[in-house]
Each structure stands twice: as structure tokens, then as C-alpha cells.
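Remarks on the overall topology
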Amino acid sequence: MGGCLHSVQECATHKYGRSLPPLRNIAAQAEQACRENTRMLNHNGRVQWLIYGANGYSGELIAREAQRRGLRPVLAGRTVDRIAPLARELGCEYRIFAPGDDGAVTDALTGMALLLNCAGPFSATAAPLADACVQARAHYLDITGEIDVFEALHGRDAAARAAGSVLCPGVGFDVIPTDCLAVALKAALPDASHLALGFDSHSGFSPGTAKTLVEGLGKGGRIRRDGRLLTVAPLWKLRPIDFGRGTKTAMTIPWGDVATAFYSTGIAHIETYVPAAPALLRWRRWLPVLRPLLGLPVVQALLKRRIAATVRGPDAERRQRTPTWVWGEVVNDAGVCKTGFLQTANGYDVTVQGALAVAEYLLSNTPAGGYYTPAQLLGPGLIETLPGSSPIRITAS
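These notes cover the structure that comes with them. (Residues numbered from 1 in each chain as written. Predicted model: local features only at pLDDT ≥ 70, side-chain atom pairs only at ≥ 80, totals over all residues. Heavy atoms only, no water.)

Time to look at the overall build of the chain. The helix and strand tally for the chain stands at 17 helices and 16 strands. Per-residue burial over the chain gives 54% buried out of 397 residues. Taking the contacts inside the chain whose residues are at least 6 apart along the sequence as the reference set, 73% of them involve residues at least 24 apart. When the accessible surface of the chain is totalled, it reaches about 16,400 Å², and 54% of it is carbon and sulfur. (Helix = DSSP H or I, 4+ residues; strand = E, 2+ residues; numbered from the N terminus. Buried < 20%, exposed > 50% of the residue type's maximum accessible area, 1.4 Å probe, protein only. Contact = heavy atoms within 4.5 Å. Areas by Shrake-Rupley, 256 points an atom, 1.4 Å probe, with all protein chains shown as cover.)

Moving on, we get to the nonpolar core. By size, the foremost hydrophobic cluster in this structure holds 102 residues, and its most contacted members are W49, L75 and L116. For this core, the element with the highest residue contribution is helix α16 (residues 347-364), accounting for 10 residues. Those residues in contact with W49, other than ones at most four positions away along the chain, are A66, L71, R72, P73, V74, M112, L114, L116, L356, A359 and L363. Listed in part, the eight residues of the second largest apolar core include F243, A250, Y273 and W327. (Core = buried A, V, L, I, M, F, W, Y, C linked by side-chain atoms within 4.5 Å.)

Where side chains of opposite charge bring their charged atoms close, a pairing between them can arise. Applying the stated rule across the entire model yields 16 salt bridges. As a salt-bridge pair, R225 and E271 come within 2.3 Å of each other at their nearest N and O atoms. Of this pair, R225 sits in strand β8 (residues 221-225) while E271 sits in strand β12 (residues 269-275), placing them 46 residues apart in sequence. We note a salt bridge from R321 to E317, for which the minimum N-O separation is 2.9 Å. Taking the relative accessible area as the measure of exposure, R321 reaches 52% and is therefore exposed. Salt bridges sharing partners connect three or more residues here, namely E65, R68, R69 and E360. (Salt bridge = Lys/Arg side-chain N within 4 Å of Asp/Glu carboxyl O.)

With that out of the way, let us pick up a nonpolar patch on the surface. Judged by side-chain polarity, V80, Y94 and I96 come together as a nonpolar surface patch covering roughly 230 Å² of accessible area. The topology assignment puts Y94 in strand β3 (residues 94-96). Residue class for Y94 comes out partly exposed when judged on its relative accessible area of 36%. (Patch = residues over 30% accessible without salt bridge, like charges linked within 9 Å, V, L, I, M, F, W, Y side chains within 5 Å.)

Secondary-structure assignment places T324 in strand β13 (residues 324-332). Among the polar contacts made by the side chain of T324, one reaches the side chain of S201 at a distance of 3.4 Å. Discounting residues that sit within four places of it in the chain, T324 has contacts with F173, F199, D200, S201, L342, Q343, T344, A345, N346 and G347. (Polar contact = N/O pair within 3.5 Å; in protein donor to acceptor, adjacent residues only side chain to side chain.)

Helix length check: helix α3 (residues 57-68), at 12 residues, gives a terminal C-alpha distance of 17 Å against a target of 16 Å (1.5 Å per residue), a fit within 8%. Just past α3, the residue G70 takes up positive phi, approximately 80°. (Expected span 1.5 Å × (residues − 1).)

Read across the open sheet, the seven strands follow the order β3-β2-β1-β4-β5-β6-β15; overall the sheet is parallel. The two strands at the open ends of the sheet, each matched to only one other strand, are β3 and β15 (370-371). Pairing analysis gives four bridges linking strand β1 (residues 49-52) to strand β4 (residues 114-117), with the strands arranged parallel. Across the sheet, residue W49 finds its bridge partner in β4, namely L114. (Pairing = 2+ DSSP bridges.)

Printed below as a string of C-alpha cells:
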């Protein structure tokens, strides 16, 4: 595996011509980098950056870890009664605005080098906040896993390049581990034509993730064929997969890598998988019939209200005991196959550590502007620097 990663670091250049950076311990450079960066400083001499949606489950975890590291982000959200108490507790400044209020967003970004968006569903927040960042010549990050959001932000690549702004959505569990694994697999089999990715975990959902999943109920599954995104039936394909702890029946899901892995690797055929729950398998034949109903606005609103009232994210103890197994497979036209494996911390802990790793990197470096996936920006070794992650292991099948 060391050879595979070495070939990525030394030889690979992705399709836009940006060479991958060398492996590094990003977090160890953060404080030095912040001192060196004089682009946008507050009165204490710190580079200013902002977490939007800091009151949400993942946003609060990220804000607390940032404060523990002495990074002091500005916290932001829609409602003062949810943001102000957290900001006071952490000793941070705060700002209140809605993503659709252009004037307020512009004012909030004044003096900011970077915005990390943690407010889902990202279908409603990503585009206006990313556009405002480009206008302000600030960097934009988020923790989305939504395929359409990745595609929409990729469409802003030229504008971001011109502004010198980095747009890097998906800097959490969606999609750092799978994106890094995809790039490592591509380096191991450069002529790969088909890519499959997946993961296995028993972690619970946060309210934001649950609402995003509800939005996807009426949209069906997604795959990439011949470089094009296609909508397919829910649970479109079943296959046996050993994610790292025994073979299970797995099902296709519309995971973000269907979008991002195409830009990271150039592979034109992409599918994503998770273990299939027995209850879902029993309902498989009815899902195409129910799909139009589940997409109705009244049904969506009802389900989201139910989530808001009942769903809570996993606590620290549950996160500690629910790691994640990540799997990937590439095949070329001759039938040669290579398989990759990786174990990570719980997905929400990966999100906290990953989002801050990318934020710290951008606060300490000045890459060219444009759209990036996490592995394009920081290389496939990024996931291996995060706490709880194993080295990537690639085998010939």
C-alpha cells in the first residue's frame, strides 16, 4: 500500500492539472500557519473564519473542538437565541443571518477568510453561501453529502478560480474517507473504468442527516454511467460485499461520491453501497410505487417535523463504540480488480476532525482558487492523519 500512496503523491495530477500535495500532519501546522497568514485578522491578530450552523449537531461538535484548539471561530446561524448562548459559553463572536439574505450574508463575511457551512439541508444553504464567499474572495467549505450540491458547486469552478476562492464541499465523513480511498485505488489501477465505494457502521443519525435522507426518499437512487449521473430505482442493485468485518448483502445508495469521485479520479462508472437492512429488503418491491408519495411537500414536511421532535445525534459514548469500515473496488476493462479497505472513527468524529483539518489547511496555505474534492485539495493521505483512522490497505482481487 505504501507504494500505491507514494505513486499518488509523486506522480498523480488530477484532470484540472493541480498536483496533489505531499502527505503531512495538517493539524500540527495550524498555529504556525495562522500566525503567518495576514490576509484577514481580528483585533487579536487571528485569521478570521466563520462556522455557519454552529448550533446544529455537527456544527456544535466542530465549534467546541475548534475552541478547544484555540482557533476561536466566529459562530453564526439563523436565530440569535440558539447561537448566542453557545458563543458566550465558548468565548466566540457571533453573527446572525439567513443564507438567502444577500445583504446580511455579505456583511457577515466582511473580514472573513473562510466559511464552514454546517447548516443542512445543504440544498437550501450551499449555493447562496458559496456564491457569497466567491464574491467576498473567501473560501467555502461544507459537510454536505448531497449529490446535487456537489454538482452545483462544481459548476461554479470557473468563478471560484477567477476569485481565488476554494470551494471544497464534503469535508466531513461525506466524503473524506471514500474520496481518499477512491484516489488511492485509482493510483493503484490507473486504467480503472469502474469504481464502487461503500461503508458499514452502526452510528445513529443526527437531525440534519435524517432530514437530508428524507429529502432523498422521493428522488430515487443515483449512479454514474459513462460519466453521466443517472437516476435509478431505490435499492437498484444488491451485491455481496465484505466491508471489513464479514460479507453482507449490500445495496446501492445515492452517496456523494457518485458526484465527487468522478472529479477526483476521472472514472466514468461509479456506484456506492451500504449494508442492506432486512426491513428495507422486504419493502424493496414497493419503493418505486411509494417514491412519488414520499416526495410530496406535505409528506416531506410531516417527516421533517417528526425528525425535529424525536431525533438526537449519537452521544460521545456511542460514537466511541461505533467505528466505520470503508471499502472500495476498482476494475479495468480487462477485468483486473483491486480492493481497498480503511477503518475510521465514527462518522461524526471524522466530520469534526476532517472539517477542521481542511479549514486549518486553508487558513495556512494559499492554493489556487476553484472547486476541489477533499482528496484533490489535500491528497489521499488526508484520512490517515485523522484520529481513529487506519492506513489505507489495497489488495489485488
